[in-house]
Amino acid sequence: MPGGTNRRALNSDGNPVITTTDLTKVYRSRGREVTALDGVDLHVREGEVYGVVGQSGAGKSTLIRCVNLLERPTSGTVTVAGQDLTALAGRRQSAGSALRQARSRIGMVFQHFNLVSSRTVRDNVELPLEILGVSGKERTRKALELLELVGLGDKARAYPAQLSGGQKQRVGIARALAGDPKVLLSDEATSALDPETTRSILQLLRDLNEQLGLTVLLITHEMDVVKTICDSAALMRDGRIVESGKVSELLATPGSELAQELFPVGGVASSEDRTVVDVTFQGEAATKPVISQLSRTYNIDISILGAAMDTVGGHQVGRMRIELPGRFEENVVPIGFLREQGLQVDVAAIADGPRANPTPLLKEGAK
Ligand SMILES: Nc1ncnc2c1ncn2[C@@H]1O[C@H](COP(=O)(O)OP(=O)(O)OP(=O)(O)O)[C@@H](O)[C@H]1O
Ligand SMILES: [Mg+2]
């Protein structure tokens, strides 16, 4: 067990463990067609926590259900841990058992826990092992070990009705881990829980990710979940992924909708004769007093138009929209100073006049 593995290092060049290629799902009912997935290419690397966000109806649940073939894609492929699940599902004969085996390596956690109320906690966790044909003694050993792992060692004999929501979800997670999956899928696992319980469940998912090297693909509508545990994220709209990448990279991408959702900064220039700059602070740079250094070094007055600081994946990250006196041409040197400090600098709006030093970070259409 790679305990204490450095999550960040694991992610940076991990192999893809979940890949979907041009995944499409069209629901047909009573002559009507709904395109729930419209050519989705998803790449989740080994050992990362990957969040999918998007509005209701965007296709998030359909995507996750297609990843473990609970839902049959209309076209496209799904590969998990090197196995093409769509090919397994495609073969008529014996496809069932091959697909079942492959699925046992994919754990699934549900919003409403989906526990069997007539079974004890231990028997709920044993259920997938029964289906896999594991012997009684081994099943019990494994179930108790997993309950210990999720902090419910003392609840083995309880029934679901006797547990709190957070405890039920812990049972759901233990059950999902029964087949020693490489991948855990979670569809809104915390949205039925209060904020405190949500935090503890997210912490558990993160611990499992770190201790077991488990790859987690989760769906959420809460940006806080992304901030707290996700290494990477994708934004879905109308069945498509419209933005995706490592959270740290998205934060540094000018015009990123996800970054704006995670760290909303607003504010417009107070006059034409000003330069508005969005600064993203990450890692070491987040702790340096760069703005006051900038002000002192160049003897300029800086206005802060908006700011948001938070912790993402255990690292401090922030965005700030500042206003510098003078037009862009007059601020080339101060902006260079900020970049030299390791900050991501995005010139959000430029007073009229040609750009003296166009940069790829400028937003399209910025004037
Ligand atoms: N079994 C189904 N039959 C027909 N249409 C469906 C079916 N399941 C989902 N859809 C449609 O597919 C689209 C995507 O649904 P999906 O459940 O994937 O959205 P979602 O992003 O998970 O939304 P939410 O945040 O509300 O859970 C929606 O328009 C939905 O109505
Ligand atoms: Mg859904």
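We now turn to the structure provided with this report. All figures in this text were calculated on a predicted structure; none of them were measured in a lab.

Scoring rules and cut-offs
Residues numbered from 1 in each chain as written. Chains lettered and ligands numbered in written order. Predicted model: local features only at pLDDT ≥ 70, side-chain atom pairs only at ≥ 80, totals over all residues. Pairing = 2+ DSSP bridges. Helix = DSSP H or I, 4+ residues; strand = E, 2+ residues; numbered from the N terminus. Axes fitted to C-alpha atoms, helices over the stretch in contact; angles between N-to-C directions. Near = placed C-beta within 6 Å. Nonpolar A, V, L, I, M, F, W, Y, C, P; charged D, E, K, R; others polar. Buried ≥ 20, exposed ≤ 12 C-beta atoms within 10 Å, placed from the backbone. Right-handed = clockwise from strand over helix to strand, strands pointing away. Core = buried A, V, L, I, M, F, W, Y, C linked by C-beta atoms within 7 Å. Domains from an automatic or database assignment. Contact = placed C-beta atoms within 7 Å. Parallel < 35°, antiparallel > 145°, perpendicular 65-115°, else oblique. Left-handed = near helix turned anticlockwise from the far one by under 90°. Expected span 1.5 Å × (residues − 1).

1. A closer look at the sheet that holds strand S3 (residues 49–54)
Then, number 1: Taken in spatial order, the six strands line up as S6-S7-S8-S3-S9-S10 in an open sheet, and their pairing is mixed. If you trace the sheet from one side to the other, it starts and ends with strand S6 (106–109) and strand S10 (240–246), each paired once. Strand-to-strand twist in this sheet, taken as the mean axis angle between neighbours without regard to direction, amounts to 15°.
Then, number 2: Here strand S9 (residues 232–237) runs beside S10; their pairing, made up of six bridges, is antiparallel. Each residue of the ladder has a partner; that of Leu-235, found in S10, is Glu-243.

2. Some details on the sheet that holds strand S1 (residues 16–29)
Then, number 1: One open sheet holds the four strands; their spatial order is S2-S1-S4-S5, and the pairing between them is antiparallel. At either end of the open sheet lies a strand with only one pairing partner, and these are strand S2 (32–45) and strand S5 (83–84).
Then, number 2: Across five bridges, the pairing between S1 and strand S4 (residues 75–80) is antiparallel. Of the residues in S4, the one forming a bridge with Thr-19 is Thr-79.

3. Concerning the site of ligand 1
Then, number 1: Around ligand 1 lies a shell of 13 residues, among which Tyr-27, Ala-36, Ser-56, Ser-61 and Thr-62 are the nearest.
Then, number 2: In terms of residue count, the dominant contributor to the shell around ligand 1 is helix H2 (residues 60–67) (three residues).
Then, number 3: A class-by-class count of the residues in the shell around ligand 1 yields four nonpolar, eight polar and one charged.

4. Points about the environment of Gly-57
Then, number 1: By the element assignment, Gly-57 lies in the loop between S3 and H2.
Then, number 2: We classify Gly-57 as partly exposed; it has 14 C-beta atoms within 10 Å.
Then, number 3: Residues Gly-57 and Ala-36, spaced 21 residues apart in sequence, show a C-alpha to C-alpha distance of 7.8 Å.

5. A few points about the pairing of strand S7 (residues 183–187)
Then, number 1: Summarising burial for S7: five of the five residues are buried, a large majority.
Then, number 2: Taking every second residue as pointing to the same face, both faces of S7 are buried, with Val-183, Leu-185 and Asp-187 on one and Leu-184 and Ser-186 on the other.
Then, number 3: Here S6 runs beside S7; their pairing, made up of four bridges, is parallel. Its bridge partner lying in S7, Gly-107 is registered against Leu-184.
Then, number 4: In this structure, S7 lies alongside strand S8 (residues 215–219), joined through five bridges in parallel fashion. Bridging across to S8, Leu-185 finds its partner in Leu-217.
Then, number 5: With helix H8 (residues 195–212) bridging S7 and the parallel S8, this β-α-β connection has right-handed handedness.

6. A closer look at the nonpolar core
Then, number 1: With 92 residues, the main nonpolar core has Val-67, Ala-174, Leu-217, Ala-233 and Val-277 as its most contacted residues.
Then, number 2: The leading source of residues in this core is S2, at five residues.
Then, number 3: Lining this core are residues from two domains, each supplying at least three of them: domain 1 (7–105 + 181–251) and domain 2 (264–349).
Then, number 4: Ignoring any residue separated from it by four or fewer positions in sequence, one finds Ala-174 in contact with Val-125, Leu-146, Leu-147, Leu-149, Val-150 and Leu-152.

7. Structural notes on the environment of Leu-37
Then, number 1: Here Leu-37 shows up in strand S2.
Then, number 2: The exposure class of Leu-37 is buried, given the 29 C-beta atoms found within 10 Å.
Then, number 3: Measuring from C-alpha to C-alpha, the distance between Leu-37 and Lys-60 comes to 8.7 Å, with 23 residues separating the pair along the chain.
Then, number 4: When sequence neighbours within four positions are dropped, the list of residues in contact with Leu-37 reads Leu-23, Thr-24, Lys-25, Gly-59, Thr-62, Leu-63, Cys-66 and Gly-239.

8. Thoughts on the pairing of strand S13 (residues 315–325)
Then, number 1: Where strand S11 (residues 274–282) and S13 come together, nine bridges link them in antiparallel fashion. Across the sheet, the residue bridging to Gln-282 is Val-317, located in S13.
Then, number 2: Relative to S13, strand S12 (residues 303–312) runs antiparallel, the two being bridged by nine bridges. Paired with Ala-308 across the two strands is Arg-319, which belongs to S13.

9. Brief notes about the packing of helix H5 (residues 121–131) against helix H6 (residues 136–149)
Then, number 1: Closest axis-to-axis distance for the H5/H6 pair is 9 Å, and the angle between their directions is 125°. Here H6 runs oblique to H5, going by the angle between their axes. Pair H5 / H6 crosses with right-handed handedness. Contacts from Val-121, Arg-122, Val-125, Glu-126, Leu-129 and Glu-130 of H5 reach H6 at Arg-139, Thr-140, Lys-142, Ala-143, Leu-144, Leu-146 and Leu-147.
Then, number 2: Per-class residue counts for the contact of H5 with H6 are seven nonpolar, one polar and five charged.

10. A few points about helix H7 (residues 165–176)
Then, number 1: The end-to-end C-alpha distance of H7, which contains twelve residues, comes to 16 Å, matching closely the 16 Å that a straight helix rising 1.5 Å per residue would cover.
Then, number 2: Buried residues dominate H7, accounting for nine of its twelve residues.
Then, number 3: Within H7 the residues assigned to the buried category are Lys-168, Gln-169, Arg-170, Val-171, Gly-172, Ile-173, Ala-174, Arg-175 and Ala-176.
Then, number 4: Packed against the buried residues of H7 are S6, H5, H6, S7 and H8.

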